[in-house]
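# Remarks on the overall topology
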Amino acid sequence: MARRNEVKLNECKMAVSLSTWVLISNFKLAYNLLRRPDGTFNRHLAEFLDRKVPANANPVDGVFSFDVLIDRGTSLLSRIYRPATAEEPQPNIAELEKPVTAEVVPVIIFFHGGSFAHSSANSATYDTLCRRLVSLCKAVVVSVNYRRAPENRYPCAYDDGWTALKWVNSRPWLQSQKDSKVHIYLAGDSSGGNIAHHVALRAIESGIDVLGNILLNPMFGGQERTESEKRLDGKYCVTLRDRDWYWRAYLPEGEDRDHPACNPFGPNGRSLEGIKFPKSLVVVAGLDLIQDWQLAYVEGLKKAGQEVKLLYMEQATIGFFLLPNSNHFHTVTDEITKFVSSDCIKTIGERIMQCIGALLCVDYVCLFKCFLG
Amino acid sequence: MKRDHNHLQPNPDPSSLRGAPSTGKAKVWDEESAQQDCGMDELLAVLGYKVKTSDMAEVARKLEQLEEVMCNVQDDGISHLASETVHYNPSDLSTWLESMLSELNPPSTFDPFGAAGTAAAALDDSFLVPAESSTLTTLDFDNINRKHQKSGQQIFEEASCSDYDLKAIPGKAIYSQKTQPQTHDSSSSSTPTNVKSEKRFKSTSGPPSPSDIFPPPPPPAAASYGIPTASTRPVVLVDSQENGIRLVHALMACAEAVQQNNLNLAEALVKQIGFLAISQAGAMRKVATYFAEALARRIYRFYPQNPLDHSFSDVLHMHFYETCPYLKFAHFTANQAILEAFEGKKRVHVIDFSMNQGMQWPALMQALALRVGGPPAFRLTGFGPPSHDNSDHLQEVGCKLAQFAKKIHVEFEYRGFVANSLADLDASMLDLRPSEVEAVAVNSVFELHKLLARPGAIDKVFSVVKQMKPELVTIVEQEANHNGPVFLDRFTESLHFYSTLFDSLEGSVSSQDKVMSEVYLGKQICNVVACEGVDRIEGHESLTQWRNRLSTAGFSPVHLGSNAFKQASMLLALFAGGDGYGVEENNGCLMLGWHNRPLIITSAWKLTNKTTAISQ
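Calculation notes
Residues numbered from 1 in each chain as written. Chains lettered and ligands numbered in written order. Predicted model: local features only at pLDDT ≥ 70, side-chain atom pairs only at ≥ 80, totals over all residues. Heavy atoms only, no water. UniProt positions renumbered as here; feature names shortened; annotations may be inferred. Helix = DSSP H or I, 4+ residues; strand = E, 2+ residues; numbered from the N terminus. Buried < 20%, exposed > 50% of the residue type's maximum accessible area, 1.4 Å probe, protein only. Contact = heavy atoms within 4.5 Å. Areas by Shrake-Rupley, 256 points an atom, 1.4 Å probe, with all protein chains shown as cover. Pairing = 2+ DSSP bridges. Axes fitted to C-alpha atoms, helices over the stretch in contact; angles between N-to-C directions. Polar contact = N/O pair within 3.5 Å; in protein donor to acceptor, adjacent residues only side chain to side chain. Salt bridge = Lys/Arg side-chain N within 4 Å of Asp/Glu carboxyl O. Nonpolar A, V, L, I, M, F, W, Y, C, P; charged D, E, K, R; others polar. Core = buried A, V, L, I, M, F, W, Y, C linked by side-chain atoms within 4.5 Å. Domains from an automatic or database assignment. Right-handed = clockwise from strand over helix to strand, strands pointing away.

An unreviewed UniProt entry lists chain B under the name DELLA protein, from Gossypium hirsutum. Of chain B, the UniProt comment under Sequence similarities (unreviewed entry) reads exactly: "Belongs to the GRAS family. DELLA subfamily." In its Subcellular location (unreviewed entry) section, the UniProt record describing chain B reads: "Nucleus".

With an unreviewed UniProt entry as reference, chain A is termed Gibberellin receptor GID1C-like, source organism Gossypium hirsutum.

## Quick word on the overall build of chain A
Of regular secondary structure, chain A possesses 11 helices and eight strands. Counting only residues that meet the buried cut, chain A has 61% of its 373 residues in that class. For chain A, contacts bridging at least 24 residues in sequence account for 75% of all contacts bridging at least 6. A total accessible area of about 14700 Å² is found for chain A, and carbon and sulfur atoms account for 55% of it.

## Topic: the UniProt feature "active site" (unreviewed entry) in chain A
Residues and elements named next belong to chain A. Under the UniProt annotation, "active site" (unreviewed entry) lies at Ser190. Structurally, the position occupied by Ser190 is in the loop between strand E5 (183–189) and helix H6 (191–203). With near-sequence residues (within four places) excluded, Ser190 lies in contact with Gly113, Gly114, Ser115, Leu216, Asn217, Pro218 and Met219.

## What about the pairing of strand E11 (residues 589–594) of chain B?
Residues and elements named next belong to chain B. Burial of E11 is extensive: six of the six residues sit out of reach of the surface. Where burial is concerned, the two faces of E11 agree: the one with Cys589, Met591 and Gly593 and the one with Leu590, Leu592 and Trp594 are both buried. Note that strand E10 (residues 581–586) and E11 share six bridges and pair antiparallel. Among the inter-strand pairings, Asn586 is bridged to a residue of E11, identified as Cys589. Between E10 and E11, which pair antiparallel and follow one another directly, the connecting turn spans two residues, one of which, Asn587, has a positive phi of 50°.

## Considerations on the sheet that holds strand E7 (residues 279–285) of chain A
Across the sheet, nine strands lie side by side as E8(A)-E7(A)-E6(A)-E5(A)-E3(A)-E4(A)-E2(A)-E1(A)-E3(B); this open sheet has mixed pairing. Of all strands in the sheet, those with a lone pairing partner are strand E8 (308–313) of chain A together with strand E3 (236–237) of chain B, marking the two edges. Bridge analysis of strand E1 (residues 63–71) of chain A against E3(B) gives two bridges, and the strand direction is parallel. Counterpart to A:Asp67 in the pairing with E3(B) is B:Val236. Along the sheet, helix H10 (residues 327–341) of chain A contacts strand E3 (106–111), E5, strand E6 (210–216), E7 and E8 of chain A; its crossing angle with E6(A), the most-contacted strand, is approximately 170°.

## Here we look at the side chain of A:Asn42
Mapped onto the elements of the fold, A:Asn42 is located in the loop between helix H2 (18–34) and helix H3 (43–49). A:Asn42 gets classed as buried once you look at its relative accessible area, which sits at 6%. A distance of 3.2 Å separates the side chain of A:Asn42 from the backbone nitrogen of A:Leu45, its partner in a polar contact. Those residues within four positions of A:Asn42 in sequence are excluded, and the remaining contacts are A:Leu34, A:Arg36 and B:Ala82.

## Considerations on the UniProt feature "domain: Alpha/beta hydrolase fold-3" (unreviewed entry) in chain A
According to UniProt, the feature "domain: Alpha/beta hydrolase fold-3" (unreviewed entry) maps to residues 108–321 of chain A in the numbering used here. Helix and strand shares over residues 108–321 of chain A are 33% and 17% respectively, and the end C-alpha atoms of the span are 17 Å apart.

## Section: the interface of chain A and chain B
With 66 residues of chain A at the interface, the matching set in chain B holds 79 residues. Summed over the shared surface of chain A and chain B, the result is three salt bridges. For the salt bridge of B:Glu67 with A:Lys28, the shortest nitrogen-to-oxygen distance reads 2.7 Å. Between the two partners, chain A and chain B, sit 13 residue pairs in polar contact (both at pLDDT 80 or more). Secondary structure elements with two or more residues in the side of chain A that touches chain B: helix H1 (2–15), H2, H3, E1, strand E2 (76–83), helix H4 (124–137) and H10 of chain A. Looking at the side of chain A that touches chain B, the element that brings in the most residues is H2(A), giving 13 residues. Here the side of chain A that touches chain B is built from residues that sort into 31 nonpolar, 23 polar and 12 charged.

## Points about the nonpolar core
Soluble globular proteins tend to pack their nonpolar side chains together in the buried interior. The biggest cluster of nonpolar side chains holds 241 residues, and the ones touching the most others in it are A:Val22, A:Leu165, A:Leu186, B:Leu295, B:Tyr326, B:Phe378 and B:Phe491. If one sorts the elements of this core by residue count, helix H15 (residues 282–300) of chain B sits on top with 11 residues. Each of domain 1 (239–300) and domain 2 (314–479 + 540–607) of chain B gives at least three residues to this core. With sequence-adjacent residues up to four places away left out, A:Val22 is seen in contact with B:Leu44, B:Met56, B:Val59, B:Ala60, B:Leu63 and B:Leu93. Grouped together as the second largest cluster of nonpolar side chains are 29 residues, B:Leu430, B:Val440, B:Ile458 and B:Ile475 included.

## Describing the pairing of E5(A)
Residue and element names in this part refer to chain A. The element E5 is extensively covered by neighbouring structure, given that seven of its seven residues are classed as buried. Residues His183, Tyr185, Ala187 and Asp189 of E5 are buried on one face, and the alternating residues Ile184, Leu186 and Gly188, pointing to the opposite face, are buried as well. As judged from the six bridges shared by E3 and E5, these two strands associate in the parallel manner. Looking at the pairing, Pro106 lines up with His183 of E5. Sheet analysis places E5 next to E6, joined by six bridges and oriented parallel. Across the sheet, the residue bridging to Tyr185 is Gly212, located in E6. Assessed by its sense of winding, the connection that carries the chain from E5 through H6 to E6 is right-handed.

Pasting the structure below:
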């Protein structure tokens, strides 16, 4: 038994840098302590061990943050991250919700990971990630502190995501100058990716426009045991046993993993054919045991005629985007940046018009110079 | 494999070992360690973990070891790590992992110095859950009789359920910090228990000195993690109403006018604030009103002259205690630390700088009464300001406590000292007994910041505290920056701080309690905004600033653990509107906040250099 574990550990170590390995192993260790066999969760110890950071209205590396109580009834907090501007390097603390000034400002609603049970919006890991997103995408990031399992099962996390979406959509100060609309993207890792999908689903009939979904190692599953699950069980800090535990903790009691929350394109799923669903960027780690479900998700979107881009990172483990010390990290961040900024210029036609406009301007200047001699 | 992103990180991580031959693996990892400097790994620091780059490989090894041990041990073994073990300072990965390894792998050889016995005993204790508990109750005077009817045994039985009876919350201090002085040059030769304690407090390079224990200001990356720095501004917006925002703007504009000495404008704005405030509901209206009043006092130079009638301020204090959990949290967490520090002591002496009505002490006395081996002799010395009606209120408090002590069969001694300021204190007044005979704890809840107004006062008090040779010093302070030199900054900070505090009161059930608490806090607001110089006693400072002061003065941190954290969290659940309260652990301190905004912090300290050696 010990030998087999040794082999697994060594394989994992081979795949990632030392500090990433330490980070992920530490999480795995802590998480093992917190899950109880009877399905309950040691919430107090979880909160004690989780490294948190307060919001900071003083910019750090050009990004400042503040918390907002979005819904008092459920104590739903979100942390807002904004870029500090050159004109206002130190934001006025009475004007944190000052209107965004750019033509187009992407607003990324972010759902942190943790398999529905762990972490918070103010976990240091996710605070750092959100700050990076702001810098990369010149976006405002809204990180939702959704209610967690097992104390709050399905559909609480989705409800909270939906509340946050409505809130973001109704903030005048988040509207882009170009069209006085809020340019919303949904993003998340692990359970957060799952939440992003389901919130986008809920947005469909509502008239709220979601411009894109970014799913990082999204958490999906099903009753069937897939090939990747069997092959990779226990190898890279994740086991089938713990995956099962988290689904049991989140899904309604008595439901199995073919519940649409877990398996959106499974036997109980809903067809997205003909539906206006946002374009998706889905990142799958090649060493993630649930990749078959993630790939099935991508297939499901494609079959329904939806726009989806798959980023398959062959040698990546879960959590690879938490530390900026691998090629995977940079590939993914580049793709995210492109994904989010591409809505500024929607069509080739628009692009051409822009170029012509630029050319014309230059021509006029030339003419003037000649004229003035 | 091209690596072209070195510009993004100061210490390029040679990282990705895929493709590295397995024989070369160990070598590559060692090389990696050698290449980095001896500082903290910045990438992990930002995520909340303090791991020296040079320790990384060792930390990885410990993780592997733990993984292996956990696979081999039964499920029970792991669950005991989660439910019984007290965890400390999870940011210090190396020490945390080490402590768990020791729990699962007690040393097998018998150490002639008896240390292995200690470690084994520590492990054994963990299985004797109910009988070994030290119980900490959240009593106040009214509940004394009710609690007292329960027998000790009953309380222990309740303790073994996972749903604790919150009136008698069992505390568990397995992981007691051994208080025998250790010669600081012992390192790997000492026992696991001693090594644990030592590693917690000293860096691993060179002999310890105050600067080792408190390194110079961390590099920016580490500083931006969670440790509230002087320039960190946590803000939570609980009220996004249009009027609320306009009110805040008006208040800020008025403060700015005051700062610029444009008193005509300031006067006009203050009046405008009054109008705006009326249309507002809830906490924002009240906060605005208090701030407006304070601004008006400053503008018209009508400073609050006479200190409050003491009995009235006592009443306000008690209502504040009842309405919201801040004082209870402070008392509770401080008591937990004191209880652990007093373990094994036969005679103890608590010196309380914040006596008031003595509400902190019945719970501690109860816990001491119920501890294994019986209670110590308990001596209490309390300090308080003079009262104006010539009553000796400190003596009255002492009498009540003496009666209580008699009921619970604890030998009790009391002395009250009236002083205008703690700086008037002298160690010679205290009739201190030798530390081998009596262990001392010094306690201060929301008192130390008052000394900052007078130059030299805080340093004098620190030096007097050192003369008391305390086992432990517990300090609870507001987590706020209300002592900066610029008025507008202080105003802004305190506006947000008290807005958050008032918002947390809104959920209170009793409206009388709420009103009294608001008046209590209103006095503080008035002081922060309207007063200057030695009169501005509410000069709150942040944890970072207190840490610097204390380490300079010769104190080092004592960590509060997961047991205190858990019990404090459970305590909070009792309060109406409880959902907004949260406890956070930060480098061994416990913070209480409202909607993620830290508001008060409990920290514990000991002397860095114990000058008296206790004879073995």
